[in-house]
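# A closer look at the structure
Spelled out from the first residue to the last, the chains are:
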Amino acid sequence: RSKEKGGNSYHYYQPEMNKRSLHRLNLEIHLRKALERDEFRIFYQPIVDLSNGKIYGMESLIRWVHPEWGMISPAEFIPLAEETGLIIPIGNWVLKQSCLNNKKWQNIGHPPLCVSVNISAIQFHQPQFVQLVEKTLEETGLEPKLLCLEITENVAMTNISYIIDTMQKLRALGVRISIDDFGTGYSSFSYLKRFRVHTLKIDQSFIRDVTVDEENAAIVTALIAMSRQLKIKSLAEGVETQEQLDFLINQGCDEVQGYVFSKPMPAHEFELMIKENKQLYLM
Ligand code: C2E
Ligand code: MG
Ligand code: MG
Ligand code: MG
């Protein structure tokens, strides 16, 4: 019976599936050309240090500006880039550009900022990943401590000994590591201890209604307290309102990122912001 059902639904969904795979194929064809056509841009979103209200650094967020389709969100093309392996050249480009820009901004006289770059699991698991990071730092002249690599818990899931080894090598280089979207993946708390990351980024799904949802409030409170005990910095993502910000300040959260301060902005706007205000207080 279930086979029969499956058969029916197969026929029923086929045109829809074709449409979808056609869309995917089309996207893939264009994605393959996007790098050489210089269609990617990086937007930067400030990260604020709550201990002094100053900007601590910024997260690099890729955008794809297609000449006909316009701006395409990374949520749409990053998964495809991962499936096709295109994430390797794209990710290398983001890393290099982020380091170059950060170095450039340091040279215009702003106090040093730490740039955070999202690293996909596929990049992280490349055997040459540590060497690549090292080479990029050398080529761009950026100090290692001014680069932070954001990895998700899903990276931290498989092949634990390889990950611990890679993390140690990255730490030895002097770069920082944060766990992105913490609380949405599968990692256990013992990994957190073994990986010895610098920053825990609390996922925005917990922050969204932290002031009205008691469970989210309890989770966020516990994560901030746990980070403090483990001597890891806590960073809240997706902070949109003053009420959420007040809650996080009260709980002793270390850093905040979100629309309450600024949306991600194009490089030239970010540069203007730091040029105009050399001691950037966002609070
Ligand atoms: P993420 O690393 O967790 O980045 C944070 C996302 O939250 C960004 O979405 C940012 O624009 C958004 N955001 C920041 N503040 C707020 C806020 O106050 N409210 C709300 N609602 N959203 C906020 P974006 O730029 O669309 O990126 C989505 C995801 O795509 C990122 O999540 C990251 O996983 C991935 N991504 C972006 N750039 C790259 C990249 O260069 N490489 C890789 N591998 N992944 C990337
Ligand atoms: Mg991130
Ligand atoms: Mg995140
Ligand atoms: Mg995310």
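Residues numbered from 1 in each chain as written. Chains lettered and ligands numbered in written order. Predicted model: local features only at pLDDT ≥ 70, side-chain atom pairs only at ≥ 80, totals over all residues. Heavy atoms only, no water.

Right, let's get into the state of the cysteines. Per the counting criterion, the structure on display carries zero disulfides. Not engaged in a disulfide, the cysteine cysteine 148 finds its nearest cysteine sulfur in cysteine 114; these two sulfurs lie 5.2 Å apart. Cysteine 148 sits in the buried class, given a relative accessible area of 5%. Left unpaired, cysteine 253 is separated from the closest cysteine sulfur, that of cysteine 148, by 15 Å. A residue is classified by how much of its surface remains accessible, and cysteine 253, at 5% relative accessible area, is buried. (Disulfide = S-S within 2.5 Å. Buried < 20%, exposed > 50% of the residue type's maximum accessible area, 1.4 Å probe, protein only.)

The subject of this paragraph is the environment of glutamate 134. With respect to the helices and strands, glutamate 134 occurs in helix α5 (residues 129-140). Since its relative accessible area comes to 35%, glutamate 134 is described here as partly exposed. On a C-alpha basis, the gap between glutamate 134 and methionine 167 in space is 13 Å, while along the polypeptide they are 33 residues apart. (Helix = DSSP H or I, 4+ residues; strand = E, 2+ residues; numbered from the N terminus.)

Moving on, we come to the pairing of strand β2 (residues 54-66). Each regular strand shows side chains that alternate between the opposite faces of the sheet. In terms of residue burial, β2 counts as a mostly covered element, since 10 of its 13 residues are buried. As defined by bridge partners, strand β1 (residues 40-49) adjoins β2 across 10 bridges and the pair is classed as antiparallel. Looking across to β2, one finds that isoleucine 42 is bridged to isoleucine 62. Between β1 and β2, which follow one another and run antiparallel, lie four residues, and glycine 53 among them has a positive phi close to 75°. Two strands pair when backbone bridges link them, and β2 and strand β4 (residues 114-118) are joined in this way by four bridges, in the parallel orientation. Looking at the pairing, glycine 57 lines up with cysteine 114 of β4. Note: β2 against strand β3 (residues 70-72), three bridges, orientation antiparallel. Bridge pairing links valine 65 to methionine 71 in β3. In sequence, β2 turns back onto β3 through a hairpin of three residues. (Pairing = 2+ DSSP bridges.)

On to the nonpolar core. Among the nonpolar cores identified, the biggest contains 75 residues, and Val133, Leu147, Leu170, Leu248 and Phe270 are the most heavily contacted of them. In terms of residues, this core owes the most to one element, helix α3 (residues 87-107), which gives seven residues. Beyond its immediate chain neighbours, meaning those up to four positions away, leucine 147 contacts Leu95, Cys99, Cys114, Val115, Val117, Val133, Leu137, Leu142, Val175 and Arg176. (Core = buried A, V, L, I, M, F, W, Y, C linked by side-chain atoms within 4.5 Å. Contact = heavy atoms within 4.5 Å.)

Now for the site of ligand 1. The immediate surroundings of ligand 1 are formed by 22 residues, with Arg63, Asn118, Asp180, Glu240 and Tyr259 found nearest. The contact in question runs from an oxygen atom of ligand 1 to an N or O atom on the side chain of aspartate 180, over 2.8 Å. Summarising the interface, the protein chains cover 82% of the accessible area of ligand 1, which totals 800 Å² for the free molecule. Going through the elements one at a time, β2, α2 (74-84), α3 and β6 (176-182) are the ones with two or more residues in the shell around ligand 1. If one sorts the elements of the shell around ligand 1 by residue count, β2 sits on top with four residues. Of the residues contributing to the shell around ligand 1, the split by class is nine nonpolar, six polar and seven charged. (Near = heavy atom within 4 Å. Polar contact = N/O pair within 3.5 Å; in protein donor to acceptor, adjacent residues only side chain to side chain. Areas by Shrake-Rupley, 256 points an atom, 1.4 Å probe, with all protein chains shown as cover. Nonpolar A, V, L, I, M, F, W, Y, C, P; charged D, E, K, R; others polar.)

For the protein chain, per-residue confidence averages 90 on the pLDDT scale, and 91% of positions sit at 70 or higher. This stretch, residues 1-9, has a pLDDT under 50; its non-local contacts, to residues over four places away or in other chains, come to zero contacts. Listed scores for the predicted complex are pTM 0.92 and ipTM 0.98. (pLDDT = per-residue confidence, 0-100.)

Interaxial distance between α5 and helix α6 (residues 160-173) falls to 10 Å at its minimum, and their mutual angle equals 15°. Taken together, the axis directions place α5 and α6 in an arrangement best described as roughly parallel. As for how α5 packs across α6, the hand of that crossing is right-handed. On the side of α5, the interface is formed by Phe129, Val130, Val133 and Glu134, while α6 contributes Thr166, Lys169, Leu170 and Leu173. Here the residues of the contact of α5 with α6 sort into five nonpolar, one polar and two charged. (Axes fitted to C-alpha atoms, helices over the stretch in contact; angles between N-to-C directions. Parallel < 35°, antiparallel > 145°, perpendicular 65-115°, else oblique. Left-handed = near helix turned anticlockwise from the far one by under 90°.)

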